[in-house]
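# Fold and geometry: a report
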Amino acid sequence: MAASDIRAPRTDYTFGTLLTAMVTPFGENGEVDYDSAAALASKLVDDGCDGLVVTGTTGETSTLTDEENLGMFRAVVEAVGGRAKVLAGSTTNDTRHSISLSQRAAELGVDGLLVTAPYYNKPSQAGVQAHVEAIADSTDLPVMVYDIPGRAGIEIATDTLIRLAEHPRIVALKDAKGDFLETTRVLANTDLDVYSGDDGLTLPFMSIGAIGVVSVTAHVAAAQYRRLIDAALAGDFATARRLHFELDPVQRAVMTHIQGAVSAKTVLHWQGVLPNAVVRLPLLAPSEAELETIRVDLREAGWDL
C-alpha cells in the first residue's frame, strides 16, 4: 500500500474522528448516575465529538458490574444514538466473559466494540490474537483494538496488529503504546483507522496518517480538539499546530498529575457539567495539593475555574 493512499482524505470513518473516552458519573452514594451520563454524552456530541467510548478505562469499567456496564451502554445509546458512534468498552482479560458482555452490548444498539489486550494473564502474542479475534467473531459489530501496554502489562506487537487487520471486522486501532516508529509501521502496512490514545500525541500521529484521537481531555475541551482534527485532516497544519500548543496546558492538567478519570471528573465538576467528582475505590479524590497543580495548568491555559 502506498503512503499516499494511507494519507488520502476520507469521509467514511467507521467511528468518527474525535472520540471521548467517557467517565462514568456516580451519585454521592457511589451508584451509577445514568441521567448525568446521558447529559454528558449529549454535551460532548454538541461540542463536536462524533464518537464516544463508554466504560473504557476512564469509565472505571474494572469497578462496574456487568449490569452497570450495560446500563451505561443503554443510557448513552438512548441519548446520542444516531448523532455519534457509541463504542462499548465490553472486554476484560477473560475471553468468554468479554464475548458475553459484547453480545449483550450489541443487543442494546452500540455501534462498535473497544477490545483491549488481555491484561494480567500475559498470554503469548498468539493468545492475544486469538482473544481479539474470538471477540470480533462473536458479533457483527466493527472493532477498535486498544493497545495500551502501560495498563495491560502486555503490548499488542506490531506484527500481531498487522495480522489482526486482516480480520474483516477489525477496522481501527487506539494506539497508546507511545512508540512512533511502531505506529508508522502499522499505518504503512494496514488499512486500520488509527487514533492517538495519548491526547498530547494527536497532532504528531495525524501528521503521519492517523485520523483522530480517543481522548480524555476532550471531556473539557472537545471544541478545541474538533478544530485541531478538522484542520489536520484538511492539511492546515499551521492552525492545527496553534491549537496543539493551546491544548498543551489543559492536557497536562487532565493527564499528568493524577489518574485521568479523577482529573476529568474534577474539571467537569468545576465547569458545572457534573454534579460531583465521585470516583470508586481504588481511585481516590484528589488532595488539595493535587487540585492546585491542576489549577496552575488551567490558569496557564487562561481558564479560571
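What counts as what
- Residues numbered from 1 in each chain as written.
- Predicted model: local features only at pLDDT ≥ 70, side-chain atom pairs only at ≥ 80, totals over all residues.
- Heavy atoms only, no water.
- UniProt positions renumbered as here; feature names shortened; annotations may be inferred.
- Contact = heavy atoms within 4.5 Å.
- Buried < 20%, exposed > 50% of the residue type's maximum accessible area, 1.4 Å probe, protein only.
- Salt bridge = Lys/Arg side-chain N within 4 Å of Asp/Glu carboxyl O.
- Helix = DSSP H or I, 4+ residues; strand = E, 2+ residues; numbered from the N terminus.

Here the UniProt-annotated "site: Part of a proton relay during catalysis" (unreviewed entry) positions come out as Thr57 and Tyr120. If near-sequence neighbours (up to four positions away) are discounted, threonine 57 is found in contact with Tyr146, Arg151 and Gln259. Taking relative accessible area as the criterion, tyrosine 120 reaches 75% and is therefore assigned exposed. Discounting chain neighbours no more than four positions away, the residues touching tyrosine 120 are Asn93 and Ala152.

With that settled, the discussion passes to the pattern of salt bridges. Tallied over the entire structure, the rule returns 18 salt bridges. In this structure, the salt-bridge partner of aspartate 47 is lysine 43, at a minimum N-O distance of 2.5 Å. When its relative accessible area of 28% is taken as the criterion, aspartate 47 is described as partly exposed. Owing to a relative accessible area of 31%, lysine 43 belongs among the partly exposed residues under this scheme. Residue arginine 280 is joined to glutamate 68 by a salt bridge in which the shortest nitrogen-to-oxygen separation is 2.8 Å. Of the two residues, arginine 280 is situated in the loop between α12 (260-270) and α13 (288-300) and glutamate 68 in helix α3 (residues 66-80); the sequence distance between them amounts to 212 residues. Exposure class is identical for arginine 280 and glutamate 68. Each is buried. The structure contains a network of salt bridges with shared partners spanning Asp248, Arg252, Asp297 and Glu300.

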